[in-house]
Amino acid sequence: MATSRPTTASHTHPVDGFHDMTSKDYYADSYAHFGIHEEMLKDSVRTGSYRSAIVNNAHLFKGKTVLDVGCGTGILSMFAAKAGASHVVGIDMSNIIDQAQKIIEANNFKDTITLVKGKLEEADLPIKQFDIIISEWMGYFLLYESMLDTVLLARDKYLKPNGHIFPDSAAMYIAAIEDQDYKEEKINFWDNVYGFDFSCIKDIALREPLVDTVDLKSVVTDPCMIKHIDLTTARKEDLSFEAPFTLTATRNDYVHAFLAWFDISFECTHKKVKFSTGPHAQYTHWKQTVFYTPSTITVSEGESITGRLTCAPNERNNRDLDISISYKTPRDHEATMQYKMY
Ligand SMILES: C[S@@+](CC[C@H](N)C(=O)[O-])C[C@H]1O[C@@H](n2cnc3c(N)ncnc32)[C@H](O)[C@@H]1O
C-alpha cells in the first residue's frame, strides 16, 4: 500500500503522559500521537512556507479574526497570533488538541487563541464569521485522505465575503519517468519469487500508486498541469475530475511510470509564498506519487505521450481515491490503467 500520512500502524503504542489513551484509541485517531505532528513540523518546506505566508504578512492579519481548520498542535494558530490576529479559533477532532491547549498556554497565547475539540462539520464555534481561514489540509497526491472538502465547507459557512484563505491555490502535475531499477524491485519481483510464479500479486501491485521520492534525472518529459484548484471558488464536486495531458519527451529514453506531484501557493500574499512537492524541489514528507505502467514505453526527444487522467473518491469509501490513466504512446500503443489509493 502506498504509505499514507496519517499512518496508524506505527502509532499504536501508548506513550508516557498519555495515560488516558489506549493503543486502540491511537489506532482510531491517527493524528493523536505526537509522531505524525513531529514529521509535519519538521517538514521545513511545509511549515516554513506557512510561517512565511502568515508572519511576513502581518498587515493582512493585524486585528483580524482567524479560523485554523485542523489545528493539530496549534502551530498555525500561533503563527497567526504572532502576526497580530485579534482572535484565533483552532479546531481539531483529534486528541492532539489536548496537547495544543497546553502548548498555547505555555506560549502565553491563552487570551488570543481559543481551541475547540471536535469535527468542523459538527462544531458550534465561538465566532461565527472570520476574516481569514488557515489550514494545512493536503494529502498524498494532494487529494488522498485530504480534508479539502472540510476547508471548503468552513469557507462557505464561516468566511466573511472577501475573506482570505491560506493557502488559496493548489495545482497538480504529471510527467513520465524512467524507473527500470525500482520497477524491477517493486513490480517485476513478483514474476519470480524463489522460482515460483507470483504474478497475480504483480497485477495488484501495479494498481497501487507508490508514494516515494524520485530523482529529477529520472524525469524524461516536460510536466503537464492536470488540475488547478482555486480555494476561493472551488466546490466539493470539483474534486472529482478528468484531465487531458500531453507529455513531450525531453530525451530519447524508456518510460516505466507516470509521476504526479502538487504545488501550493498563497496568492493573497503580497510577496507570493509558494512551494512545490515535485522532483525538482526540496524534499517534503508528501514526496511524489508513482503510477507504474504495465509495459515499458519508448520515447524519442520531441515525441509525446497523450492521455487522460480521471480522479474521484471511491464510492464505497470516500477516503480512498480511484484514479485512471489512459494513454497513447508515440508508437500508437493505447492502454488504460485503473489505480486505487487506499
Ligand atoms: C495535516 S494535519 C495539520 C495540523 C496542523 N495544522 C499543522 O499544520 O501542523 C490536519 C489536522 O486536521 C484534523 N482534522 C481533519 N479533519 C478534520 C475535521 N473534519 N474537523 C476537525 N479537524 C480535522 C486532523 O485531526 C489533523 O490534526
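Thresholds applied
- Residues numbered from 1 in each chain as written.
- Predicted model: local features only at pLDDT ≥ 70, side-chain atom pairs only at ≥ 80, totals over all residues.
- UniProt positions renumbered as here; feature names shortened; annotations may be inferred.
- Domains from an automatic or database assignment.
- Contact = placed C-beta atoms within 7 Å.
- Helix = DSSP H or I, 4+ residues; strand = E, 2+ residues; numbered from the N terminus.
- Nonpolar A, V, L, I, M, F, W, Y, C, P; charged D, E, K, R; others polar.
- Near = placed C-beta within 6 Å.
- Buried ≥ 20, exposed ≤ 12 C-beta atoms within 10 Å, placed from the backbone.
- Pairing = 2+ DSSP bridges.
- Axes fitted to C-alpha atoms, helices over the stretch in contact; angles between N-to-C directions.
- Core = buried A, V, L, I, M, F, W, Y, C linked by C-beta atoms within 7 Å.
- Right-handed = clockwise from strand over helix to strand, strands pointing away.

An unreviewed UniProt entry lists the protein chain under the name type I protein arginine methyltransferase, with Marasmius oreades given as the organism. Regarding the protein chain, the UniProt comment filed under Catalytic activity (unreviewed entry) reads as follows: "L-arginyl-[protein] + S-adenosyl-L-methionine = N(omega)-methyl-L-arginyl-[protein] + S-adenosyl-L-homocysteine + H(+)".

Participant: Break down the domain arrangement of the protein chain for me, with residues and values.
Facilitator: Segmentation of the protein chain into domains returns domain 1 (9-136) and domain 2 (170-341). With centres defined by C-alpha atoms, the gap from domain 1 to domain 2 works out at 31 Å. With 9 residues of domain 1 at the interface, the matching set in domain 2 holds 8 residues. Looking at the side of domain 1 that touches domain 2, the elements with two or more residues in it are α2 (34-42) and α3 (44-55). The leading source of residues in the side of domain 1 that touches domain 2 is α3, at 5 residues. For the side of domain 1 that touches domain 2, the per-class residue count stands at 3 nonpolar, 3 polar and 3 charged.

Participant: How would you explain the site of the ligand if you had to name every residue and give the values?
Facilitator: In the vicinity of the ligand lie 20 residues, with Tyr31, Gly70, Gly72, Ser94 and Glu136 positioned nearest. At the level of elements, α2, α5 (75-82) and β2 (87-92) are the ones that each hand at least two residues to the shell around the ligand. The residue inventory of the shell around the ligand, partitioned by class, reads 10 nonpolar, 6 polar and 4 charged.

Participant: Kindly report on the environment of Asn188, identifying the contributing residues and their values.
Facilitator: On the secondary structure map, Asn188 appears in the loop between α8 (180-186) and α9 (199-206). Given 15 C-beta atoms within a 10 Å radius, Asn188 is considered partly exposed.

Participant: Help me get a handle on the sheet that holds strand β1 (residues 65-69), residues and values and all.
Facilitator: Taken in spatial order, the 5 strands of this open sheet run β3-β2-β1-β4-β5, and their pairing is parallel. Pairing within the sheet leaves two strands with one partner each, and these edge strands are β3 (113-117) and β5 (159-166). The average angle at which neighbouring strand axes cross in this sheet is 20°, direction not considered. As paired elements, β1 and strand β4 (residues 130-135) share 4 bridges and run parallel to each other. Each residue of the ladder has a partner; that of Asp68, found in β4, is Ile134.

Participant: Give me the lowdown on the nonpolar core, citing residues and values where you can.
Facilitator: Counting 97 residues, the largest nonpolar core has Ile54, Val66, Ala80, Ile133, Ile174, Ile177 and Leu259 as the members making the most contacts within it. For this core, the leading source of residues is strand β10 (residues 253-266), giving 9 residues. Composition of this core by domain shows at least three residues from each of domain 1 (9-136) and domain 2 (170-341). Ignoring sequence-local partners within four residues, the contact set of Leu259 consists of Ile174, Ala175, Ile177, Val214, Val219, Pro279, Gln288 and Val290.

Participant: Give a description of the UniProt feature "domain: Methyltransferase" (unreviewed entry) in the protein chain that names residues and reports values.
Facilitator: UniProt records the feature "domain: Methyltransferase" (unreviewed entry) at residues 66-163, using the numbering of this structure. The distance from the first to the last C-alpha atom of residues 66-163 is 10 Å, and the span holds 31% helix and 27% strand.

Participant: An account of the pairing of strand β15 (residues 334-341) is requested, with residue identities and associated values reported.
Facilitator: Here strand β14 (residues 321-328) runs beside β15; their pairing, made up of 8 bridges, is antiparallel. Looking across to β15, one finds that Asp322 is bridged to Lys340. Here β14 folds back onto β15, and the loop between the two strands holds 5 residues, one of which, Asp332, carries a positive phi near 70°.

Participant: Outline the UniProt feature "domain: Protein arginine N-methyltransferase" (unreviewed entry) in the protein chain, listing residues and values.
Facilitator: Following the UniProt record, the feature "domain: Protein arginine N-methyltransferase" (unreviewed entry) maps to residues 168-329 here. Annotated as residues 168-329, this span is 9% helix and 46% strand, and its ends, taken at the C-alpha atoms, are 35 Å apart.

Participant: Can you explain the pairing of β1? Please cite residues and give values.
Facilitator: In summary, the side chains of a regular strand alternate between the two faces of the sheet. Burial within β1 is extensive, with 5 of its 5 residues counted as buried. Burial of the side chains of β1 extends over both faces: Thr65, Leu67 and Val69 are buried on one face and Val66 and Asp68 on the other. By the bridge criterion, 5 bridges tie β1 to β2 in an arrangement that is parallel. Bridging from a neighbouring strand, Val69 pairs with Ile91 of β2. After leaving β1, the chain enters α5 and then returns to the sheet as β2, a path that is right-handed.

Participant: Describe the sheet that holds β15, naming the residues involved and giving the relevant values.
Facilitator: Taken in spatial order, the 4 strands make up an open sheet running β9-β13-β14-β15, and their pairing is antiparallel. Of all strands in the sheet, those with a lone pairing partner are β9 (241-248) and β15, marking the two edges. Each strand axis lies, on average, 20° off the axis of its neighbour in the sheet, ignoring direction. In terms of strand pairing, β9 meets strand β13 (residues 304-313) through 8 bridges, oriented antiparallel. Within β13, the residue paired with Pro244 across the bridge is Arg308.

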